[in-house]
Amino acid sequence: MTQKNNQINARQSKQIAGALALASCGLFATSGHATELSKKADDWKVDAALMYYGEQDRVQAVEAIGTAQKAFGDDSVLDLKLVVDSLTGASASGAVAQSSSQTFTRPSGNGQYSVAAGDTPLDDTFHDTRVQANVGWSEVLTPDWKLNVGAYGSKEFDYMSMGLNASIERGFNKDNTTLFLGTAYSFDVVDPVGGRPVDLSSMAVRDNFASEEAYRSAFDATRQSGSDNKQTADVMLGITQVLSQRWLLQANYGLSSVNGYLTDPYKVLSVVDNNGITQDLLYESRPDARLKHSFYVMTKGALDAGVVDFSYRYNTDDWDLTSHTLETHYRYYFTGNFYGQLHLRYYQQTAANFYQPFLMADTPLPEFASADYRIGDMSAYTIGIKFGHRLSGGHEMSYRLEYYQQDPKNNGTTILGELQNFDLFPTQKAITAQFSYSF
């Protein structure tokens, strides 16, 4: 969202308040430009970006992003967005490292892969291309009321998502106060490679069977036929208050209800004995419903030569997963056409109540279990810089580089036997680089 370094005047206050409301409620906004009404009717504003994301020895992603915005008079704006990304690399399967090599079946059931002794098991079948399209419409109904509606669709090889969103804004107090109410609904279809695994069923490994027919029969017994789906319904209520000509404050509350297939079909758990030696590999199992709450507060201000914001977000759900996020951006204008921006973010999360780094062979199986570190205890931080250069004709180029580090932690599980020799919670590092051009 483009910000100006001059003083926020009274005419700008309502537009900036609305823009901030939607920017932090990205779930409901179809584009970062959704509330920036162009001053010239019939003009198009186009942004193009190319982004690279790379994890150390793991997932690599290249993403192309294009957005276009057209204003119809002073009251209506059409937003279009297209995203195409390609992902390759390896992702943690959830299994634990061992003192001897391990063999795993590929999700398709066709073939297998081996992991060397002492290495964290990584599934090297992570390859996909995703295409996503968004469309949004923003309409000023009256001087005090504004309506936003949108739709999106996303498709990748084993996953499809479609969604609708709508929100309404109401200005009060001479446009110094804006209330926001938004809702969204999405419907996702999950069709994993090789089919959906039966929850907590044992992985069939070809080397353990005398014939291909026996192996295929055992593998098919771990699969459920057909695709499955999940539905997400969201509601968000927010308020934005202009505190002065330079500062504003925003707060919102969000409620999200997710139902359907929430298990990750590509994640497994190791079942170990008292010496930490793997006896079996089971596909994970998660509840089929999740209710999430989020609370967010942010303050933003225009300085003499820049813009700064500070925000805090708290999330909690009925999986007992809670998180805290602190974030700030500081943009400094070296000249009227050149700026630099610093981005800092800290994130801390507690584990879901069914997260376990491994299961014990002498313990009855739980109803739900997952060793996916993404729902375990962790902390993470981001440090980023961005530079932007405004060109003639209203064009702009920007460059962004960020470093991300994620530190998974033990949730209190006793580490047994030979598992003490391995790092079961390895640090994850990633770099994001992006080039953007606006015209």
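Note that the structure is a prediction, hence the values are computed from the model and not measured.

A. Examining the overall build of the protein more closely. Along the protein, the regular secondary structure elements total two helices and 25 strands. In terms of C-alpha radius of gyration, the protein reaches 24 Å, essentially the compact-globule figure of 22 Å for 439 residues. Seen through its principal axes, the protein has C-alpha atoms that stretch 75 × 40 × 40 Å. Counting the 439 residues in the protein, one finds 46% classified as buried. Expressed as a percentage of contacts within the protein between residues at least 6 apart in sequence, the contacts between residues at least 24 apart total 65%. Carbon and sulfur atoms provide 58% of the accessible area of the protein, an area that totals close to 20400 Å². One way to put it: in the protein the 35 positive side-chain charges average out to a point 10 Å from where the 50 negative ones average out.

B. Inspection of the packing of aromatic side chains at higher detail. For the coordinates displayed, the defined rule picks out 15 aromatic pairs. Seen from their ring centres, Tyr 333 and Tyr 339 are 5.6 Å apart, and the 55 degrees between their planes marks the pair as tilted. For the pair shown, Tyr 333 and Tyr 339 are each scored as buried. Feature note: the residues Tyr 330, Tyr 332, Phe 334, Phe 338 and Phe 387 constitute an aromatic cluster, connected by ring pairs. The ring of Tyr 261 carries Arg 196 above its face, with NZ or CZ at 5.7 Å from the centroid. Taking the ring centre of Tyr 283 as reference, the NZ or CZ of Arg 223 above it sits at 4.8 Å.

C. Region of interest: the pairing of strand β1 (residues 44-55). As judged from the 11 bridges shared by β1 and strand β2 (residues 60-72), these two strands associate in the antiparallel manner. For Val 46, the partnering residue across the bridge sits in β2 and is Ala 68. In this antiparallel pair of consecutive strands, β1 and β2, the connection spans four residues, and Asp 57 shows a positive phi of 65 degrees. Relative to strand β25 (residues 428-438), β1 runs antiparallel, the two sharing nine bridges. Its bridge partner being in β25, Met 51 is matched across the sheet by Gln 434.

D. Up close: the nonpolar core. Val 96, Ala 352, Phe 358, Ile 375, Leu 419 and Leu 424 are the most contacted members of the largest nonpolar core, which totals 18 residues. Those residues in contact with Leu 419, other than ones at most four positions away along the chain, are Val 96, Ala 97, Gln 98, Val 272, Gly 276, Phe 358 and Leu 424. Grouped together as the second largest cluster of nonpolar side chains are nine residues, Phe 104, Val 115, Met 203 and Val 268 included.

E. Region of interest: the pattern of salt bridges. Going through the model one piece at a time under the given rule, you end up with 16 salt bridges. Two residues, Asp 47 and Lys 45, come together in a salt bridge whose shortest N-O distance is 3.9 Å. Accessibility expressed as a relative area gives 13% for Asp 47, which makes it buried. Under the relative-accessibility criterion, Lys 45 is labelled partly exposed at 26%.

F. How the structure looks around the sheet that holds strand β16 (residues 268-272). The mixed open sheet is built from three strands, whose spatial order is β17-β16-β22. The sheet is open, and its two edges are formed by β17 (278-283) and β22 (359-360), each paired on a single side. Here β16 pairs with β22 via two bridges, running parallel. Counterpart to Val 271 in the pairing with β22 is Leu 359.

G. Spatial organisation of unusual backbone geometry. Positive phi, normally seen in glycine, also occurs at Asp 57, with a value near 65 degrees. Tracing the backbone through its elements, the reader meets Asp 57 in the loop between β1 and β2.

H. The confidence of the model for the protein, seen in detail. Taken over all residues, the pLDDT of the protein has a mean of 90, while the share at 70 or more is 90%. Within the model, the stretch residues 1-41 combines pLDDT values under 50 with 111 contacts to residues more than four positions away or in other chains.

I. Region of interest: the side chain of Ser 379. With respect to the helices and strands, the residue Ser 379 is situated in strand β23 (residues 378-390). On the accessibility criterion, Ser 379 (10% relative accessible area) is buried. In terms of polar contacts, Ser 379 uses its side chain to reach the side chain of Lys 409, at 2.7 Å. Setting aside anything within four residues of it in sequence, one finds Ser 379 in contact with Tyr 346, Tyr 347, Gln 348, Gln 405, Gln 406, Asp 407 and Lys 409.

J. Geometry of the pairing of strand β15 (residues 247-260). Strand direction decides the pairing type here: strand β14 (residues 228-242) and β15, joined by 13 bridges, are antiparallel. By the bridge assignment, Leu 237 is partnered in β15 with Tyr 253. What sits between the antiparallel neighbours β14 and β15 is a turn of four residues. With 13 bridges joining them, β15 and strand β18 (residues 289-303) adopt antiparallel strand pairing.

K. Just the environment of Ser 100, in detail. Relative to the helices and strands, Ser 100 is located in the loop between β4 (91-92) and β5 (102-105). Residue class for Ser 100 comes out partly exposed when judged on its relative accessible area of 44%. Along the primary structure Ser 100 and Ala 116 are separated by 16 residues, whereas in three dimensions their C-alpha atoms are 7.0 Å apart.

Basis of the calculations
As a convention, each chain's residues are numbered from 1 in the sequence order in which they are written. Residues qualify for local features only when their pLDDT is at least 70, as the model is predicted, and side-chain atom pairs are given and counted only at 80 or more; totals for whole chains, interfaces and linings, by contrast, use all residues. The side-chain quantities take in all heavy atoms of the structure and omit both hydrogens and water. Here a strand is any run of E in DSSP of at least two residues, a helix any run of H or I of at least four, and the numbering for each starts at the N terminus. Radius of gyration: C-alpha atoms only; globule rule: 2.2 Å multiplied by the number of residues to the exponent 0.38. The buried label applies to any residue whose accessible area, calculated with a 1.4 Å probe on protein chains only, is under 20% of its type's maximum; exposed applies above 50%, and partly exposed to all values in between. Residues count as neighbours in contact if any of their non-hydrogen atoms are within 4.5 Å of one another. In this description, accessible areas are obtained by the Shrake-Rupley approach with a 1.4 Å probe, and a residue is regarded as covered only by the protein chains that are shown. When charges are counted, Lys and Arg are positive and Asp and Glu negative, with His and the chain ends excluded. Where a charge lies is defined by one atom per residue type, namely NZ (Lys), CZ (Arg), CG (Asp) and CD (Glu). The criterion for an aromatic pair is that two Phe, Tyr or Trp rings (for Trp, the six-membered ring) have centres within 6.5 Å, with stacked assigned to planes under 30 degrees apart, edge-to-face to planes over 60 apart and tilted to the rest. Either the NZ atom of lysine or the CZ atom of arginine qualifies as a charge over a ring when it sits within 6 Å of the ring centre and within 35 degrees of the ring normal. In this scheme, strands are said to pair when DSSP sees at least two bridges between them. Grouping buried Ala, Val, Leu, Ile, Met, Phe, Trp, Tyr and Cys residues that are joined through side-chain atoms within 4.5 Å yields what is termed a nonpolar core. Between Lys or Arg on one side and Asp or Glu on the other, a salt bridge is scored when a side-chain nitrogen of the former is within 4 Å of a carboxyl oxygen of the latter. Scored from 0 to 100, pLDDT records how confident the predictor is in each individual residue. We call two N or O atoms a polar contact when they sit within 3.5 Å, provided that within protein one can donate a hydrogen and the other can accept it, with sequence-adjacent residues counted only if both atoms are side-chain atoms.

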